[in-house]
Amino acid sequence: ITHEGAHHLSRALKVNRKLMFFRLNWNAIGDRGTRFIADALKLNRSLTILNLSKNNIGAKGYLDLYQALEVNQDLVELKLDDNKSHVTLGMRKILDRNLKRRQKEFSDTLNSDKKSSWNRSRIMFVGQGGAGKSATVRSLLGKAFIPEWNSTIGAVISESMGWQESTNQIDYSSQFAARIMIQDKLPNSVIPVSNHKIDTPRTSETGENDTTYIKLSSSTGKLNIMPESFETAEVRKPSARKNQNLFTQTIKQLSATEKSGKGPGESRKDIVREFKENFLVKARDDGDTLTFSLWDFGGQYVFYSMHHIFLTRSGIYILVFDMRQFTKEALEETCRYLSFWVNSIRLHAPTAPLLCVGTHTDDIVFSEEVGKVDKILRNIFKDDFPQVVPNLDENLMFYPIDNKSNNGIRLLRANVETEARKNKTIRQQVSIKWFLLLDTILSKRFDVPYLTLSTVKGMATDIGMTASNEQEESLSLFHERGLLIHLTSTEVLKSIIIIKPQWLISSLSKVIRDSDLHSYSSEEIEKCGLENDLEMAFEKGIASRDFLEYVWAENDQIEFLIDLMKRTMLLSEWNLENEKAYLIPSLLKNVFRGVVASGLHFVFDFSGGFLPNGVFQRLVCLCVAYKESADRRKLESERCEPPILYSNFCSIEFENGFVIHLREDVPLCQIVVVVENEMYAAQSVSLISSMLLKINYDVMGTGLKWKKLVEDGSRNSLGRLVHYEQARQEKLKPWFETSNFDPQIETEAVDICSFLDAL
């Protein structure tokens, strides 16, 4: 390129607002061409690094560049042929000035209250096991198809920038500050979307000893967003002492901190971070690219009760099914699980978009088969699921794809992005302080899997987030976007923040799993002498302490995990001949097909809505926990017989003469309860009603709806079911006999231990 080419380039540089790095070395622009470039530098506000070495530039050209730099405040690095003149030294000082200004701008932004949009969403992949969820995730991320991919255990979390998987630790606050800096330069513009990546220039070029950078680097700063005053004692390994209760201790610590008015980090400290031009390059290059947290949930039935903990109200849901399963033999089962999942999603996220994806489209020979699948889906959805996103391009209710050939993947990507951008929370203005807090929290992942709320509040205070409501809003956003898990249904659960979601999922999935599909090593089980323990866990749903210590052998948080599973109603204590053991109802396999003992019936009818998997299992869990709690207050000789348990049935004696039988009727969407002694009829209804309300509030997001029916016990009407409110008005015996029994039990925001005590 000669001076004529430089002239044309200069005209473009005067109006360009995107280019940050420009390499024009090894050309022949000379002094005349340099004059054109210098004129452009007086107007250009985006260029930060310029390479003009090997261009036959003389003293006149150097002077023009010097005069341009006196005006330009953005260029921080200029590469020229070696020249020790006073002009070059002058340019060094100006570039150093610009670099210091940029560093100050960066620091000021980090320590400001400025806001911008995050452009981040969460995608949850659900569906039947073996449908191709993991393969779909891989296809969306541009990865190769692997035919023999193992089925997902629990769930697997991936991070992506656009559709490129991101595996490195992200410096969220620095990236966000750079984004804001670019926006400040273009106050009336949106950060543009770049169609290609800009290669970051090297700081030196081997073999070019006759060239030099006219740049003075700033002193290296060190990440200082976690002052040494932070204490991590609150997140140490919990003790294995008997009756140790980590959550209760945490609440006490939190209460003590708040009452004293003192906590870690009462005064804000300035954030010090080294500025790198790379931050601006990445921010501009990424433009308004979306980032995703992709959650691939295991499709086996046993995992369903666990999924309720992790499904969020916002984000995008992708329901994956195998189109080859729409045969006459498998159609009923396929429709059943599709109905299950669309109802589950509506329960947890009634406004979140849902895209249905049919895999193995290349194996569908006739186009009529695609139309058949579409017709079945339309019949399932009808007008009840407006959140389902139709495939308008192909006039279908679903997106047919093939992960082997990538057929349909581009269209699916485009529609996922469209739905993500429609969500107003994507454009929500987020303070940079929130990202400083996020970086501080995530930096602890290398040390611990969770933090206490009081610790996080101390971190927030240190960066200037002192308002409690703002702290909790930020944690809610991080939870919804998939970066951490913060359950808030009770104060005890709220006091713990899981900062390694994959750790928690993997830990729970070592216990709650399909033992046939995801088996344990038989050699190791035999070596540890746990053959009977393994059989007991997956035949009777009873896990011994020894078995849990085996599956969590590499985990130093056993007490924490047991306590968390209790409080999310996945596990309850079980007295196994004075040996410590635990009931995990979701592991029960055997189905009860017998006849329930005689007695008075009452029914919880979910047919007007939906009875998801996991409700009955949690109800059994609470019943057993209530019984165990009562037994601990009795002499051993006074304790009742152990419950009789099946996957769909539970017979349990709470005290002498107080026996109830619970049965889940999946086809009718009902939970039927039989109380043997009518003396306990009113108490039974109150007990089970309170437990269902607790499950609904803590786990189901208050989305469950049911009708309550009781049996008319009069001789002439025996067997007739009456609506509960009608029975109340009629004072129907024995359900509403005068007694001192109080049927009202508080369930919302009450810790599970307090709730059981109140029962």
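The structure we're discussing is the one just above.
For clarity, every value in this text was computed on a predicted model and none was experimentally measured.

Engineer: Honestly, the sheet that holds strand S19 (residues 600-605) in this entry has me stumped. Any pointers?
Structural biologist: Backbone-to-backbone hydrogen bonds join strands into a sheet, with any given pair of strands oriented parallel or antiparallel. Taken together, the seven strands give an open sheet; going across it, the order is S20-S21-S22-S23-S19-S24-S25, and neighbouring strands pair in antiparallel fashion. Unpaired on one side and paired on the other, strand S20 (644-645) and strand S25 (721-723) mark the two borders of the sheet. Judged from the six bridges that link them, S19 and strand S23 (residues 670-675) form a sheet pairing that is antiparallel. Residue Asp605 lies in a different strand from S23, and its bridge partner there is Gln670.

Engineer: Please clarify how the packing of aromatic side chains should be interpreted in this entry.
Structural biologist: For any pair of aromatic rings, the description consists of the separation of the ring centres together with the inter-plane angle of the planes. As enumerated under the stated definition, the model contains 29 aromatic pairs in all. Here the aromatic rings of Trp118 and Phe478 are separated by 6.2 Å at their centres, their planes lie at 85°, and the arrangement is edge-to-face. Taken together, the residues Trp118 in the loop between strand S4 (115-117) and strand S5 (120-127) and Phe478 in helix H15 (residues 468-480) connect sequence positions 360 residues apart. Both residues of the pair, Trp118 and Phe478, belong to the buried class. Pairwise contacts between aromatic rings join Trp118, Tyr172, Phe176, Phe435 and Phe478 into one cluster. Against the face of Phe145 rests Lys404, its NZ or CZ located 5.9 Å from the ring centre. Cation over ring: Lys708 sits above Tyr724, and NZ or CZ is 4.0 Å from the ring centre.

Engineer: Got a minute to help me understand the environment of Thr48 in this structure?
Structural biologist: Along the chain, Thr48 falls in the loop between helix H2 (30-41) and strand S2 (49-51). Residue Thr48 is classed as buried on the basis of its relative accessible area of 2%. Sequence spacing of Thr48 and Glu277 is 229 residues, and the spatial spacing of their C-alpha atoms is 7.8 Å. Those residues in contact with Thr48 that sit more than four places away from it in its chain are Met20, Phe21, Asp74, Leu75, Val76, Glu77, Arg102 and Glu277.

Engineer: Would you explain a negative patch on the surface in this entry?
Structural biologist: Together, Glu523, Glu524, Glu526 and Glu531 make up a region of like negative charge exposed at the surface. Here the element with the most residues in the negative patch is helix H18 (residues 522-527); it accounts for three residues. As for its position among the elements, Glu531 is in helix H19 (residues 531-540). You can call Glu531 partly exposed: its relative accessible area is 40%.

Engineer: Help me understand the environment of Ser134, please; the structure alone is not making it clear to me.
Structural biologist: For Ser134, the location among the structural elements is in helix H5 (residues 133-140). On a C-alpha basis, the gap between Ser134 and Trp295 in space is 9.6 Å, while along the polypeptide they are 161 residues apart. Look past the residues within four positions of Ser134 in its chain and what remains in contact with it is Trp149, Thr152 and Asp296.

Engineer: Looking at this structure, how should I read the pairing of strand S21 (residues 649-655)?
Structural biologist: In the case of a regular strand, side chains alternate between the two sheet surfaces. The element S21 is extensively covered by neighbouring structure, given that six of its seven residues are classed as buried. Relative to S21, S20 is paired through two bridges, and the arrangement is antiparallel. Considered in S21, the bridge of Leu645 is made with Cys650. Adjacent in sequence and paired antiparallel, S20 and S21 are bridged by three residues. In terms of strand pairing, S21 meets strand S22 (residues 658-665) through six bridges, oriented antiparallel. For Phe649, the partnering residue across the bridge sits in S22 and is Arg663. In this antiparallel pair of consecutive strands, S21 and S22, the connection spans two residues, and Gly657 shows a positive phi of 95°.

Engineer: Got a minute to help me understand the side chain of Ser431 in this structure?
Structural biologist: Position of Ser431 among the secondary structure elements: in strand S13 (residues 429-431). From its side chain, Ser431 meets the backbone nitrogen of Lys433 in a polar contact 3.1 Å long. Discounting residues that sit within four places of it in the chain, Ser431 has contacts with Asp113, Lys114, Lys115 and Phe176.

Engineer: Could you clarify how one ought to interpret helix H11 (residues 367-381) in this entry?
Structural biologist: Counting along an α-helix, one turn takes 3.6 residues, and residues three or four places apart therefore face a common direction. The terminal C-alpha atoms of H11, which comprises 15 residues, lie 22 Å apart, in line with the 21 Å expected from a rise of 1.5 Å per residue. Every buried residue of H11 is accounted for by Val370, Val373, Asp374, Ile376, Leu377, Ile380 and Phe381. Seen end-on, H11 carries its buried residues on one side only, within an arc spanning 160°. Seen from the open side of H11, the exposed residues pointing more than 90 degrees away from its buried face are Glu368, Lys375 and Asn379.

Engineer: How should the pattern of salt bridges be read in this particular structure?
Structural biologist: Side-chain pairs of opposite charge can arise whenever the charged atoms involved come near each other. Overall, the coordinates contain 31 salt bridges when judged by the stated rule. Residue Arg35 pairs with Asp39 through a salt bridge whose shortest N-O separation is 3.9 Å. You can see Arg35 and its partner Asp39 sitting in helix H2, four residues apart, about one turn around the helix. Among the salt bridges present, the one from Glu573 reaches Arg632, with a minimum N-O distance of 3.2 Å.

Engineer: Explain the sheet that holds strand S7 (residues 164-165) to me, please; I cannot follow it from the model alone.
Structural biologist: The seven strands lie next to each other as S7-S6-S9-S5-S10-S11-S12, forming an open sheet whose pairing is mixed. The sheet terminates laterally at S7 and strand S12 (399-400), the two strands that pair on one side only. Here strand S6 (residues 155-161) pairs with strand S9 (residues 291-297) via seven bridges, running antiparallel. Residue Ser158 lies in a different strand from S9, and its bridge partner there is Leu294. Most of the contacts of helix H17 (residues 501-509) go to S6, to which it runs at about 160°, and overall it touches S6 and S9.

Cut-offs applied
Residues numbered from 1 in each chain as written. Predicted model: local features only at pLDDT ≥ 70, side-chain atom pairs only at ≥ 80, totals over all residues. Heavy atoms only, no water. Pairing = 2+ DSSP bridges. Helix = DSSP H or I, 4+ residues; strand = E, 2+ residues; numbered from the N terminus. Phe/Tyr/Trp six-rings, centres within 6.5 Å; stacked < 30°, edge-to-face > 60°. Buried < 20%, exposed > 50% of the residue type's maximum accessible area, 1.4 Å probe, protein only. Lys NZ or Arg CZ within 6 Å of the ring centre and 35° of its normal. Contact = heavy atoms within 4.5 Å. Patch = residues over 30% accessible without salt bridge, like charges linked within 9 Å, V, L, I, M, F, W, Y side chains within 5 Å. Areas by Shrake-Rupley, 256 points an atom, 1.4 Å probe, with all protein chains shown as cover. Salt bridge = Lys/Arg side-chain N within 4 Å of Asp/Glu carboxyl O. Lys, Arg positive; Asp, Glu negative; His and termini not counted. Charge placed at Lys NZ, Arg CZ, Asp CG, Glu CD. Polar contact = N/O pair within 3.5 Å; in protein donor to acceptor, adjacent residues only side chain to side chain. Expected span 1.5 Å × (residues − 1). Arc of directions from axis to C-beta. Axes fitted to C-alpha atoms, helices over the stretch in contact; angles between N-to-C directions.

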